[in-house]
Amino acid sequence: MLKMLFSRFLQHHRHGWIRVSADVAFMYQRGPALAKRLRAWARAFLLDRKARLPSAYGSWSKSALDNDILKAELCAHLQGIGKYIRAQDIVDYLQDPDALSRFGLKKTIALSTAKQWMKKLEYRWGKGPHGQYVNGHEREDVAAYRQKTFLPAFASREATVRQWTNGGPAVPADQATVSRHTVYWFHDESCFSANDRRKVYWVPKGAQAIPQPKGEGATLMVADFASAEYGFLKSPDGSKAARVLFRPGKNRDGWFTNDDIIQQTSTAIEILSEHYCDEDHVFVFDNATTHLKRPPTALSARRMSKSPTQPDAPLFGVEVPVIGADGKAVFGPDGKVLKEKMRMADARFADGRPQSLYFAEGHELRVAGTFKGMAEILMERGYDADAIRQLRAQCPKFECPAIPPLSPLSCCCRRLLYNEPDFAVVESILESHCKARGFGILFLPKFHCELNPIEQVWGFANGTYRDLPLSASSRSAEADLERNLNHSLDSVPLPSIRRCVSCAFLHC
Ligand SMILES: [Zn+2]
């Protein structure tokens, strides 16, 4: 009976334990009392790790997820999290020593493995039924980012942004004196196939309103920028464009990597600098992890000691892959990527001057290049030396409140550093890349896809795309896909793009 409960739960986990247990009870021609007992048994069974650790789990990484009970446990856990499930949640779940021993693992799994498991658990990375984003709006961090960062940035440029009414430009009275306009370039990545739609997060199999894709081969990804002024980002004669089409492949995780997006943005910057240099340009990106990647040597107080390191200790820093002259990672004789220890990047004083984390040449007591330690770093920032000396490096388990207490010195060195502005906000690679070239950049708040007009533009193009015929032979069908997609995107009329942008601006 339990076995049936688990296997049914796996097929219908969207219905939840209560309904599934009721269904099983019904099959045995019994009522809610049995359903309740079944749930209790299931819980006890899941909690009893001996019951679940048969010896055959040596090859767990390959086949353990084929075990229904373990699957059920993970599914139940993911369901408990709510609507917004990430593969990372599995990684986090398996950090618990009990879970590790139940699953027969020595350490938690890699994110890429977690993604495969998500698929095995029949979650697909996809956009849920319309309207599922709404709840994310209420998340505190998301609301705070929207209110304190995104909207003020948007408002600061409002006077220089052209307004569009009904697809055409409307010139507000106060724009007569604007000498340089701001153009917003919205970036987005999307997945096109003959009958599939864009996908945004893990959706359990069986969720309503998601058409099933017909096959991998029929899928093509596109990443592009669009603005109300010019539509998709290209040179005036159309010879150069920022658009990238790619097939979701094994090594790409189906999506753009950080390197991909930097490269694409560089192309965009090149085109805009050459052809549209009398306007200010701001790139608007989704708040995706790949977009927010930080440089490997980015400032972080996570592993810093309070005191300086000893002169003979290994360098305090970050392990980064060695990059050869060809721009690719170098491999060692053991076949692994060679790594080298690099210094962590400089911190910044409140006035913007760089603060090295390492002692300089000529220090009276310290050997040049040794790490200063948190205490010294804080004292250089003007914190009282005696007070700092009395602070511990870190509160137990670092469980002190993230928001500084009224008297900041009552806590620990690590918390103090975490709250310093340069440690709290580390620029992403993409952000630095754009800013260094004089281009603006904004990240949309999470779950606010209605703020990205390209979402609607994709929808527009998708309608055309689905109606275009494909060749019968699979090889030419592949080429058709690419041609059809370009054609569908380019046939979205500019006034429609403008309406999409106006509509998104209305939400700001
Ligand atoms: Zn603390």
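Since the model is a prediction, treat every value here as computed from it, not as a measurement.

Here is what the cut-offs are and how they apply
Residues numbered from 1 in each chain as written. Predicted model: local features only at pLDDT ≥ 70, side-chain atom pairs only at ≥ 80, totals over all residues. Heavy atoms only, no water. Helix = DSSP H or I, 4+ residues; strand = E, 2+ residues; numbered from the N terminus. Contact = heavy atoms within 4.5 Å. Donors = N, O, S within 2.8 Å, 3.2 Å for Na, K, Ca; no water. Tetrahedral: all angles 85-135°; square planar, octahedral: opposite > 155°, others 65-115°. Buried < 20%, exposed > 50% of the residue type's maximum accessible area, 1.4 Å probe, protein only. pLDDT = per-residue confidence, 0-100. Phe/Tyr/Trp six-rings, centres within 6.5 Å; stacked < 30°, edge-to-face > 60°. Expected span 1.5 Å × (residues − 1). Lys, Arg positive; Asp, Glu negative; His and termini not counted. Salt bridge = Lys/Arg side-chain N within 4 Å of Asp/Glu carboxyl O. Polar contact = N/O pair within 3.5 Å; in protein donor to acceptor, adjacent residues only side chain to side chain. Axes fitted to C-alpha atoms, helices over the stretch in contact; angles between N-to-C directions. Parallel < 35°, antiparallel > 145°, perpendicular 65-115°, else oblique. Left-handed = near helix turned anticlockwise from the far one by under 90°. Pairing = 2+ DSSP bridges. Arc of directions from axis to C-beta.

## Re the overall build of the protein chain
Right, on to step 1. Per the secondary structure count, the protein chain includes 18 helices and 14 strands.
Right, on to step 2. A sequence separation of at least 24 residues applies to 66% of the contacts in the protein chain between residues at least 6 apart.

## Side note on the environment of Y418
Right, on to step 1. Along the chain, the position of Y418 falls in helix α13 (residues 413–418).
Right, on to step 2. Sequence separation between Y418 and R302 is 116 residues; the distance between their C-alpha atoms is 8.5 Å.
Right, on to step 3. Beyond its immediate stretch of four places on either side in the chain, Y418 contacts A301, R302, F398, F423 and A424.

## Section: the coordination of the zinc ion
Right, on to step 1. For the zinc ion, the full set of protein donor atoms is C395 (SG), C400 (SG), C411 (SG) and C412 (SG), at a range of 2.1 to 2.3 Å.
Right, on to step 2. For the zinc ion, the four donor atoms in the first shell make angles of 104 to 119 degrees at the metal, so the coordination geometry reads as tetrahedral.
Right, on to step 3. When the donor residues of the zinc ion are listed from N- to C-terminus, their spacing reads C-x4-C-x10-C-C. With C400 in the loop between α12 (385–390) and α13 and C412 in the loop between α12 and α13, this residue pair connects regions lying 12 residues apart in the sequence.
Right, on to step 4. C412 gets classed as buried once you look at its relative accessible area, which sits at 0%.

## Description of unusual backbone geometry
Note: most residues except glycine have negative phi, and most peptide bonds are trans.
Right, on to step 1. Even without glycine at this site, K397 takes up a positive phi of about 55 degrees.
Right, on to step 2. With respect to the element layout, K397 can be found in the loop between α12 and α13.
Right, on to step 3. Even without being glycine, F398 reaches a positive phi, approximately 55 degrees.
Right, on to step 4. Mapped onto the elements of the fold, F398 is located in the loop between α12 and α13.

## Regarding the confidence of the model for the protein chain
Close reading of the predicted structure is inappropriate where its pLDDT is low.
Right, on to step 1. For the protein chain, the mean per-residue pLDDT works out to 78, and 76% of the residues sit at or above 70.
Right, on to step 2. Counting contacts from residues 49–63, a segment whose pLDDT is below 50, to residues more than four positions away or on other chains yields 24 contacts.
Right, on to step 3. For the stretch residues 195–201, pLDDT sits under 50, and the model shows 40 contacts to residues farther than four places along the chain or on other chains.

## A closer look at the packing of aromatic side chains
Right, on to step 1. One pass over the structure, following the stated rule, counts 14 aromatic pairs.
Right, on to step 2. Centre to centre, the rings of Y184 and F186 are 6.3 Å apart; their planes meet at 40 degrees, and the pair counts as tilted. Accessibility assignment for this pair places Y184 and F186 in one class, buried.
Right, on to step 3. With 5.1 Å between their ring centres and 55 degrees between their planes, F225 and F283 make a pair best called tilted. Residue F225 is located in strand β6 (residues 220–227), and its partner F283 is located in strand β9 (residues 280–285); the two are separated by 58 residues in the primary sequence.

## As for helix α10 (residues 258–275)
Right, on to step 1. An ideal rise of 1.5 Å per residue puts 26 Å on 18 residues; α10 measures up with 26 Å between its terminal C-alpha atoms.
Right, on to step 2. Along α10, the positions that sit buried rather than exposed are N258, D260, I261, I262, Q264, T265, A268, I269, I271 and L272.
Right, on to step 3. For α10, the elements touching its buried residues are β4 (182–192), β6, β8 (244–246), β9 and α15 (429–436).

## Considering the side chain of R498
Right, on to step 1. In this structure, R498 sits in helix α18 (residues 494–506).
Right, on to step 2. Despite its burial, R498 pairs with no opposite charge; the closest candidate is E229, at 6.7 Å N-O.
Right, on to step 3. From its side chain, R498 meets the backbone oxygen of E229 in a polar contact 3.1 Å long.

## Description of the pattern of salt bridges
Right, on to step 1. This structure, assessed with the given rule, holds 14 salt bridges.
Right, on to step 2. Taking the shortest distance from any N to any O, the salt bridge between R162 and E229 comes out at 3.0 Å. Of this pair, R162 sits in the loop between α9 (140–156) and β2 (163–165) while E229 is found in the loop between β6 and β7 (231–232), placing the two residues 67 residues apart along the sequence.
Right, on to step 3. Given a relative accessible area of 9%, E229 falls into the buried group.
Right, on to step 4. If you follow the salt bridges from partner to partner, you end up with D224, K234, R243 and D490 in one network.

## A short note on the environment of T265
Right, on to step 1. With respect to the secondary-structure elements, T265 resides in helix α10.
Right, on to step 2. Classification of T265 by relative accessible area gives buried; the value is 0%.
Right, on to step 3. In this structure the C-alpha to C-alpha distance between T265 and H187, which are 78 residues apart in sequence, comes to 9.4 Å.
Right, on to step 4. When sequence neighbours within four positions are dropped, the list of residues in contact with T265 reads F225, F283, F285, L430 and C434.

## Observations regarding the side chain of E420
Right, on to step 1. Within the secondary structure, E420 sits in the loop between α13 and α14 (421–424).
Right, on to step 2. Looking at E420, the relative accessible area reads 13%, which means it is buried.
Right, on to step 3. Contacts of E420, omitting those with residues within four sequence positions, involve R381 and Y383.

## As for the packing of α10 against α15
Right, on to step 1. Contact geometry for α10 and α15: axes closest at 10 Å, N-to-C directions at 15 degrees. If you check the angle between α10 and α15, you find them roughly parallel. As α10 runs across α15, the sense of the crossing is right-handed. Counted together, N258, I261, I262, T265, S266 and I269 of α10 and I429, L430, H433 and C434 of α15 form the full contact between these two elements.

## Thoughts on the pairing of strand β10 (residues 318–321)
Right, on to step 1. Of the two faces of β10, the one lined by V318 and V320 is fully buried and the one lined by E319 and P321 carries no buried residue.
Right, on to step 2. Note: β10 against strand β11 (residues 339–342), four bridges, orientation antiparallel. Residue pairing across strands places V318 opposite M342, the latter belonging to β11.

## A closer look at α15
Right, on to step 1. Those residues of α15 that sit buried are L430, E431, H433 and C434. Taken around the axis of α15, the buried residues stretch over an arc of 160 degrees, which confines them to a single face.
Right, on to step 2. Considering only its buried residues, α15 is in contact with α10, β9 and β14 (440–443).
Right, on to step 3. Looking one or two residues past α15, G438 carries a phi angle of roughly 80 degrees, positive in sign.

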